[in-house]
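Report on the structure
What follows is the residue order along each chain.
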Amino acid sequence: MFQIKTFNAIASEGMNRFGKDKYAINESDQPDGVILRSQNLHDFTLPESLLAIARAGAGTNNIPVPLCTEKGIVVFNTPGANANAVKELVLTSLLTSVRPVLAGVNWVKTLEGSDIDAQVEANKKQFAGNELVGKKLGVIGLGSIGAMVANDAYRLGMEVMGYDPYVSVDTAWSISRRVQRATDRDEVFKNCDFITVHVPLTDETRNSIGANEISMMKSTAKLFNFARGEIVDTEAVIAALKEGRIGGYTTDFPEEKLLDCPNVTMFPHLGASTEEAEINCAKMAARNLKRYLETGNIKNSVNFPMVDMVFNSPYRITVVNKNVPNVLGQLSTKIANGGINIDNMINRGRGDYAYTLFDINETDVDKITTVAQTLHDIDEVVRVRVIPQPTSQY
């Protein structure tokens, strides 16, 4: 029986995937898995029992990922599950940035009297705007969200330029060939009328759009941030807006210092706030967590490599270890010395740590347990698990 602890409200469509025959929810303070949304875990004491954390969302800055890695705790996120919701909000923002429809709607609410038609006809010119057709959009970051924004903006009639030096093969295939590929970010800042950023928050991307990048922008260009607030240098944006050096800033991450700044539109962090996105994220998070707990396979982890091997043997041994020479040899030798035959194996490294699956042709649980202990005695080994073959594959 696996123990699962939840933080925040997780959609039932996701939680229902944890069958009562194998899982107990919020019944123990020593969980095997945690599933959460925005709960801050940086002050949470990680129990020794904890094997994995699944974030029902893309960002994991609310999770102490480096500490989890050191303890052999796999951290999952749900890339792409909320992509459509964010994409739709970005497109909405693009449209409302050139057509003052919200101001027009609010103005109509103030009208009084029986001559509304006449008042509308006399004043509607003040709400005239522009069209997106023929304007150039720059998309920085062509992941799940950025790729969808780029494709749909092109379908709206915009010229689209995308920049991402790390774009995955799968995403590259999904991007329209009509999206122009920029060779560096400067092309985007210098040439585009609208710039939208869709990169994860890392030490490298923090404040990566600052005074230098903003200085390259057209005085009429507008910047959109639906990724993470810290990616854009707010002080640089404020200075540029007050001096009229850019046309506007739209963000999904409100800040007090932006409240009185001209040409700023702030949303109350609505990017993934749709029923569909919450359900999709919950389902993917639950699937990630179940797959790992029951098979040891890893997909959509932010701190360990993707490892996926069909589970056909009676038992599987999983090992998290420091990514240094000769550990794999030591592991294989100890398994062989324990009189256990390895049917299949896979090893992958990511940064300072590696992860290995050994499928073994053995049914003697005591024998397997003894060998697993010898593996854990290796200094570089962080965590060892023994998993029986599941009743279904993932």
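The rules behind each value
- Residues numbered from 1 in each chain as written.
- Predicted model: local features only at pLDDT ≥ 70, side-chain atom pairs only at ≥ 80, totals over all residues.
- Heavy atoms only, no water.
- Salt bridge = Lys/Arg side-chain N within 4 Å of Asp/Glu carboxyl O.
- Buried < 20%, exposed > 50% of the residue type's maximum accessible area, 1.4 Å probe, protein only.
- Core = buried A, V, L, I, M, F, W, Y, C linked by side-chain atoms within 4.5 Å.
- Helix = DSSP H or I, 4+ residues; strand = E, 2+ residues; numbered from the N terminus.
- Contact = heavy atoms within 4.5 Å.
- Pairing = 2+ DSSP bridges.
- Axes fitted to C-alpha atoms, helices over the stretch in contact; angles between N-to-C directions.
- Parallel < 35°, antiparallel > 145°, perpendicular 65-115°, else oblique.
- Left-handed = near helix turned anticlockwise from the far one by under 90°.
- Domains from an automatic or database assignment.
- Buried area = accessible area lost by both parts, 1.4 Å probe.
- Polar contact = N/O pair within 3.5 Å; in protein donor to acceptor, adjacent residues only side chain to side chain.
- UniProt positions renumbered as here; feature names shortened; annotations may be inferred.

Focus on the pattern of salt bridges
A complete count under the given rule lists 12 salt bridges for this structure. A salt bridge links Glu243 to Arg245, with the nearest nitrogen and oxygen atoms 2.7 Å apart. With relative accessibility at 54%, the residue Glu243 sits in the exposed group. Among the ionic pairs, Glu362 bridges to Lys367, the shortest N-O distance being 3.5 Å. You can call Glu362 buried: its relative accessible area is 13%. The partly exposed category is assigned to Lys367, whose relative accessible area is 29%. Counted as one network, the salt bridges with shared partners bring together Lys87, Asp152 and Arg155.

Structural notes on the nonpolar core
Phe18, Ile35, Leu289 and Tyr292 are the most contacted members of the largest nonpolar core, which totals 31 residues. Counting residues per element, the ones that place at least two in this core are strand S4 (52–55), strand S5 (74–76), helix H11 (275–295) and strand S15 (353–360). Per element, the largest residue contribution to this core is eight residues, and it comes from H11. Not counting residues up to four positions away in its chain, the partners in contact with Leu289 are Ile4, Phe18, Gly33, Val34, Ile35, Ala52 and Ala54. Ranked by size, the runner-up nonpolar core spans 28 residues in total, among them Ala182, Ile195, Ala221 and Ile246.

Looking at the sheet that holds strand S16 (residues 381–388)
Taken together, four strands build an open sheet; the order of strands is S14-S15-S13-S16 and the sheet is antiparallel. The two strands at the open ends of the sheet, each matched to only one other strand, are strand S14 (342–350) and S16. Taken pair by pair, the neighbouring strands of this sheet meet at an average axis angle of 15 degrees, ignoring direction. Note: S14 against S15, eight bridges, orientation antiparallel. By the bridge assignment for S15, Arg348 is matched with Tyr355. In the packing of helix H13 (residues 365–376) onto the sheet, contacts are made with strand S13 (315–322), S15 and S16, and the angle to S16 comes to roughly 165 degrees.

A word on the pairing of S13
Counting buried positions over the eight residues of S13 gives seven, a clear majority of the element. Two elements, S13 and S16, share seven bridges in a ladder whose sense is antiparallel. Within S16, the position partnered with Thr318 by the bridge is Arg385.

Thoughts on the packing of helix H12 (residues 327–337) against H13
Viewed as axis vectors pointing N to C, H12 and H13 meet at an angle of 150 degrees, and their least axial separation amounts to 9 Å. Of the possible angle classes, the one that applies to H12 and H13 is roughly antiparallel. Crossing angle aside, the handedness with which H12 passes H13 is right-handed. When H12 is examined against H13, the residues Leu331, Lys334 and Ile335 are found in contact with a partner set consisting of Val371, Thr374 and Leu375.

Some thoughts on the domain arrangement of the protein
According to the domain assignment, the protein consists of domain 1 (1–77 + 274–303), domain 2 (83–266) and domain 3 (305–389). On a C-alpha basis, the centres of domain 1 and domain 3 stand 23 Å from each other. Counting residues at the interface gives 19 residues for domain 1 and 18 residues for domain 3. The contact between domain 1 and domain 3 buries some 1,400 Å² in all, and 45% of this surface belongs to carbon and sulfur atoms. Scanning the region where domain 1 abuts domain 3 turns up zero salt bridges. For the pair domain 1 and domain 3, the interface holds 13 residue pairs in polar contact (both at pLDDT 80 or more). When residues of the side of domain 1 that touches domain 3 are traced back to their parent elements, those giving at least two are helix H2 (65–70) and H11.

Some details on the UniProt feature "domain: ACT" (unreviewed entry) in the protein
In the numbering used here, UniProt assigns the "domain: ACT" (unreviewed entry) feature to residues 316–389. With 31% helix and 43% strand, residues 316–389 has its two end C-alpha atoms placed 7 Å apart.

Let's talk about the side chain of Arg385
Note on placement: Arg385 falls in strand S16. Of note is the side chain of Arg385, whose polar atom sits 3.1 Å from the backbone oxygen of Tyr292. Reaching out from Arg385, the side chain makes a polar contact with the backbone oxygen of Leu293 at a distance of 2.6 Å.

A closer look at the pairing of strand S3 (residues 33–36)
Because side chains alternate across S3, one face comprises the buried residues Gly33 and Ile35, and the other comprises Val34 and Leu36, equally buried. Note: strand S1 (residues 2–6) against S3, three bridges, orientation parallel. Considered in S3, the bridge of Lys5 is made with Val34.

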